[in-house]
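Each chain, letter by letter, is given below.
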Amino acid sequence: QVQLVESGGGLVQPGGSLRLSCAASGFTFSSADMSWYRQAPGKERELVAAITSPGGRTNYADSVKGRFTISRDNAKNTVYLQMNSLKPEDTAVYYCNAVGIRFTRSSAPSRYDYWGQGTQVPVFS
């Protein structure tokens, strides 16, 4: 059973920091490209940060460059999002996403796209 479980969200004041975690299970984490998305009230879901596998190349939305850092620990099947200098406009539900190719002996390779349940990050005084 595939699971992506986010944690670490919560109320934070502007200028503060939070570290989100996403614990993965049920698939080969080390082979998956992992991302963090967010969705603010009344807005579409947007990509915040991504990290590839292998290689660990990273990509960030312009709005978070220099403030957020995505990382992964393949030994712990976990991806992180360190968020610093938080702003009210960072307020959103943050989602973990995993994308990759599933290989099995009995069928052709197939793409998978998994989502976590989300964790809320309200940023206000």
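Just so it is clear, the model here is predicted, and its values are computed rather than measured.

**Q** Give me the packing of aromatic side chains: which residues, what numbers.
**A** What the rule picks out here adds up to 4 aromatic pairs. Ring geometry for Phe27 versus Tyr114: centroids 5.3 Å apart, planes at 55°, classification tilted. Residue Phe27 is found in the loop between strand S2 (18-25) and strand S3 (33-39), and its partner Tyr114 is found in strand S9 (residues 110-115); the two are separated by 87 residues along the sequence. Grouping residues by exposure puts Phe27 and Tyr114 together as buried. Considering the side-chain rings of Tyr112 and Tyr114, the 4.8 Å spacing of their centres and the 10° angle between planes classify their relative orientation as stacked. For Tyr112, a relative accessible area of 6% translates into the label buried. Here Tyr114 falls in the buried class, since its relative accessible area comes to 17%. Through pairs of rings, three or more aromatic residues link up here, namely Phe27, Tyr112 and Tyr114. Sitting over the face of the ring of Tyr80, Arg19 holds its NZ or CZ atom 3.9 Å from the ring centroid. Over the ring of Tyr95 we find Arg45, and its NZ or CZ is 3.8 Å from the ring centre.

**Q** Could you give me a rundown of the pairing of strand S7 (residues 78-83), with the residues and numbers involved?
**A** Here S7 lies mainly inside the structure; 5 of its 6 residues are buried. The pairing of S2 with S7 spans 6 bridges and is antiparallel. Note on S7: the bridge partner recorded for Ala23 is Thr78. Alignment of strand S6 (residues 68-73) against S7, held across 6 bridges, turns out to be antiparallel. Residue pairing across strands places Ser71 opposite Tyr80, the latter belonging to S7. Between S6 and S7, which pair antiparallel one after the other, the connecting turn spans 4 residues, and Asn77 there sits at a positive phi close to 55°.

Reading the values: the criteria
- Per-chain numbering applies: the sequence of each chain, read as written, is numbered from 1 onward.
- Restriction of local features to residues with pLDDT of at least 70 applies here, the model being predicted, together with a cutoff of 80 or more for giving and counting side-chain atom pairs; totals for whole chains, interfaces and linings are based on all residues.
- The side-chain values count all of the structure's non-hydrogen atoms but skip hydrogen atoms and water molecules.
- Each Phe, Tyr or Trp ring (for Trp, its six-membered ring) is paired with any other whose centre lies within 6.5 Å, and the angle between the two planes then decides the class: stacked below 30 degrees, edge-to-face above 60, tilted in between.
- A run of DSSP states H or I qualifies as a helix once it reaches four residues; a run of E qualifies as a strand once it reaches two. Both are numbered from the N-terminal end.
- Each residue is placed in one exposure class: buried if its accessible area under a 1.4 Å probe, protein chains only, is under 20% of its type's maximum, exposed if it is over 50%, and partly exposed if it falls in between.
- Two conditions define a charge sitting above a ring: the NZ of Lys or the CZ of Arg must be within 6 Å of the ring centre, and it must be within 35 degrees of the ring normal.
- Strands are labelled as partners when DSSP assigns at least two bridges between them.

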